[in-house]
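# Tertiary structure, described
The lines below spell out each chain.
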Amino acid sequence: MQQSRENWGSKIGFILAAAGSAIGLGNIWRFPYVLGENGGAAFLFVYLICIGVIGLPVLIGEILIGRTGKRDPVGSFKALTKSKFWPYIGGMGIAAGFMILSFYAIVAGWSFGYIIEAIKGTFLEYSTPDEAANHFYLLISEVHWIIIMFVIFMIITMLFVYFGVQKGIERGSKIMMPALFILLIIVMIKGITMEGSGAGLEFLLKPDWSKISATVVLLALGQAFFTLSLGMGAMLTYGSYMSEKDNIPTSALQILVLDTLIAVIAGVAIFTAVFSTGLNPGEGAGLIFHTLPVVFSKMVGGYLFSIIFFILLSIAALTSTISLMEVITAYFVDELNWKRHSAVIVFGTVTIIFGIPSALSFNVLSDFKIFGLTIFGLMEYLTANIMLPLGGMLIAIFIAYVWGFDKAVIELKKGAEKLFEKSAWQITSWKFVLKYLAPVLIFIVLLQSVGLLDEISNLFK
Ligand code: PHE
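Now for a look at the structure at hand. (Residues numbered from 1 in each chain as written. Predicted model: local features only at pLDDT ≥ 70, side-chain atom pairs only at ≥ 80, totals over all residues. Heavy atoms only, no water.)

Our next topic: the overall build of the chain. Scanning the chain for helices and strands turns up 20 helices and zero strands. For 461 residues, the compact-globule estimate of 2.2 N^0.38 gives 23 Å, and the chain sits close to it at 21 Å. Along the first, second and third principal axes, the C-alpha set of the chain runs to 60 × 55 × 45 Å. Taken over 461 residues, the chain has a buried fraction of 60%. Sequence-distant contacts in the chain: of pairs separated by 6 or more residues, those separated by 24 or more amount to 83%. Accessible surface, the chain as shown: approximately 18,100 Å² in total, 68% of it carbon and sulfur. (Helix = DSSP H or I, 4+ residues; strand = E, 2+ residues; numbered from the N terminus. Rg over C-alpha atoms; globule rule 2.2 N^0.38 Å. Buried < 20%, exposed > 50% of the residue type's maximum accessible area, 1.4 Å probe, protein only. Contact = heavy atoms within 4.5 Å. Areas by Shrake-Rupley, 256 points an atom, 1.4 Å probe, with all protein chains shown as cover.)

Right, let's get into the packing of helix α4 (residues 73-80) against helix α5 (residues 86-120). α5 packs onto α4 with a crossing angle of 165° between their chain directions and a minimal axis gap of 7 Å. Relative to α5, the element α4 lies roughly antiparallel. Between α4 and α5 the crossing geometry is right-handed. Contact residues: Pro73, Val74, Phe77 and Lys78 in α4; Trp86, Pro87, Gly90, Gly91 and Ile94 in α5. For the contact of α4 with α5, the residue count by class is six nonpolar, two polar and one charged. (Axes fitted to C-alpha atoms, helices over the stretch in contact; angles between N-to-C directions. Parallel < 35°, antiparallel > 145°, perpendicular 65-115°, else oblique. Left-handed = near helix turned anticlockwise from the far one by under 90°. Nonpolar A, V, L, I, M, F, W, Y, C, P; charged D, E, K, R; others polar.)

Turning to the pattern of salt bridges, a few remarks are in order. Within the structure shown, the criterion is met by eight salt bridges. Residue Arg71 pairs with Glu335 through a salt bridge whose shortest N-O separation is 3.2 Å. Of this pair, Arg71 sits in the loop between α3 (41-69) and α4 while Glu335 sits in the loop between α14 (302-334) and α15 (340-360), and the two are 264 residues apart along the sequence. Among the residues examined, Glu335 registers a relative accessible area of 15% and is labelled buried. When salt bridges with common partners are traced through the structure, they connect Arg71, Lys78 and Glu335 into a single cluster. (Salt bridge = Lys/Arg side-chain N within 4 Å of Asp/Glu carboxyl O.)

Once that is clear, we can look at the site of the ligand. In the vicinity of the ligand there are 15 residues, among which Ala22, Gly26, Tyr104, Phe226 and Ser229 approach most closely. Contact distances for the ligand include 3.1 Å between an oxygen atom and a backbone N or O atom of Leu25. Residue Phe226 places a main-chain N or O atom 2.8 Å away from a nitrogen atom belonging to the ligand. Protein contact buries 100% of the 320 Å² of open area that the ligand shows by itself. In a pocket analysis with a 2 Å cut-off to the grid points, the ligand is assigned to the largest cavity. Grouping the amino acids of the shell around the ligand by side-chain chemistry returns seven nonpolar, eight polar and no charged. (Near = heavy atom within 4 Å. Polar contact = N/O pair within 3.5 Å; in protein donor to acceptor, adjacent residues only side chain to side chain. 1 Å grid on protein atoms, 1.4 Å probe; cavity = no way out; pocket = protein on both sides within 12 Å on 5 of 7 lines; lining within 4 Å. Sits in = over half its atoms within 2 Å of the grid points.)

This paragraph deals with α14. Here α14 contains 33 residues, and its C-alpha end-to-end distance of 47 Å stays within 8% of the 48 Å for a straight helix at 1.5 Å per residue. Counting buried positions along α14 gives 26 out of 33 residues, so the element sits mostly inside the fold. (Expected span 1.5 Å × (residues − 1).)

Okay, empty space enclosed by the protein next. By the definition in use, this model includes two cavities of 30 Å³ or more. Taken as a whole, the largest cavity encloses approximately 130 Å³ of empty space. Residue lining of the largest cavity: 17 residues in total, with Ser21, Tyr104, Phe226, Ser229 and Leu324 positioned closest to the centre. Mapped by element, the contributors of at least two residues to the lining of the largest cavity are α1 (11-22), α2 (25-37), α5, α10 (214-227) and α14. A class-by-class count of the residues in the lining of the largest cavity yields nine nonpolar, eight polar and no charged. (Points joined across faces, edges and corners; volume = space filled by probe spheres on them.)

The next thing to look at is the packing of aromatic side chains. One pass over the full model with this rule turns up 40 aromatic pairs. A ring pair is formed by Phe103 and Phe376, whose centres lie 5.4 Å apart and whose planes are at 70°; its orientation type is edge-to-face. Taken as a pair, Phe103 in helix α5 and Phe376 in helix α16 (residues 375-403) lie far apart in primary sequence, 273 residues in all. Summarising the burial analysis for this pair, Phe103 and Phe376 share the class buried. Between Tyr331 and Phe332 the ring centres are 4.9 Å apart and the planes differ by 80°, which places this aromatic pair in the edge-to-face class. In this structure Phe332 comes out as buried when scored by relative accessible area, which is 12%. A cation over a ring is seen here: Arg30 above Phe226, with NZ or CZ 5.1 Å from the ring centre. (Phe/Tyr/Trp six-rings, centres within 6.5 Å; stacked < 30°, edge-to-face > 60°. Lys NZ or Arg CZ within 6 Å of the ring centre and 35° of its normal.)

So, on to the nonpolar core. Soluble globular proteins tend to bury their nonpolar side chains together. Membership of the largest hydrophobic core comes to 168 residues, with the highest contact counts inside it found for Trp29, Trp110, Phe309, Ile399 and Trp430. Ile399 has contacts with Gly61, Ile65, Gly404, Phe405, Ala408, Trp430 and Leu434, leaving out every residue within four places of it along the chain. (Core = buried A, V, L, I, M, F, W, Y, C linked by side-chain atoms within 4.5 Å.)

Turning our eyes to something else, we now look at unusual backbone geometry. Of note, Asn337 is a non-glycine position whose phi angle comes to about 55°, a positive value. For Asn337, a relative accessible area of 57% corresponds to the exposed category. Backbone geometry places Phe371, a non-glycine residue, at a positive phi of 50°. Structurally, the position occupied by Phe371 is in the loop between α15 and α16.

This next bit is on the side chain of Asn363. Counting through the fold element by element, Asn363 comes out in the loop between α15 and α16. For Asn363, a relative accessible area of 12% puts it in the buried group. Here the side chain of Asn363 touches Ile140 through a polar contact of 2.8 Å, landing on its backbone oxygen. If near-sequence neighbours (up to four positions away) are discounted, Asn363 is found in contact with Ile140, Ser141, Glu142, Val143 and Ile146.

Right under this line is the structure:
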């Protein structure tokens, strides 16, 4: 039977944990590298629109489904509808969580491994990004390095989830977030004061509109979902531990603002450094590992900074991997009555095994391509650009057409009475986005992602 559910220890508990989930490698590793490959400022512009116009309403909706359903993604849909279809959408989210964790923990492992490199003082010897890049490639080409770091990171994640929700996550986030914030600002200031940094600022702020293409929109939307941990049930699961006294819209907005701020600060820090050291912004998934060590080597106190930075980056990644693991665990505990401990051990191990081919994508399997992507690249593409937006589209459709706004709005107002006292424009726009804008826009973008949009437009030629 359903036991009484653990709740967040404090009012700020949810916000901290959800922000911990949102803020991670998505902001500091993925955002700069995808932006660098796809047109800089123009990408940023589309990304910000996706975050504000689609991300926020869907985020509110996803948290709301969790708080009302009070269970894992599958169970929460079951609690809100009799239809047999919707729980499968929760199931897709759990599958996505599993896939994301399997590649995300690999990059988290790099960050963890870089703590050791920083302690060894490796970065102090760098004067050019080429040296940093070579060192990075050397490390990831070593099968044992990449796998050991990945496995260590998975085990740390498993330990936190094993010992339960609030203790681990709330405590971790409380310390990590402000510290990461301050450090990023310092690195950003260093970046801005480096010679030739202006070109980096220009790259981020002066849009070249010709760079906007259907692909850029797809990738920006995917990144918006990825960075908000949206569309796969992580926010839903964290919402399920929330009480009805908590204000969902305001919390969602706070999470979104923090997340965006961190991404933009990371972007400025990295691109000022990229341009002032003459690096190519389209360097790909290694971008931050090519740039940041060089910045540290040029900084006063860079030795200490580099250690602290990679520790904080690893903690930021950890609060995200915990949320991914938490989704999988909540499902097996809530739906299949597994013991929390067994769920963690079994699925942690399965994720490790499942992640190995992705880890090998950087060395032994680097020539093995599916649709032109390595296994790692495929996992990343499928989840961020397809499964998460699809999940978000279905969440919007579910609320608007299945659950119904009559019921949803009653739930939404709980804890947010004051917000809606004077005017209701927020609710009207929330409804509009979920009912029309999000489903239609995401659908078009998804057609594009599977190559159907071209075919359809050819029909009309
Ligand atoms: N939002 C996390 C980040 O930006 C990644 C993530 C995606 C976590 C989906 C949970 C679910 O690092």
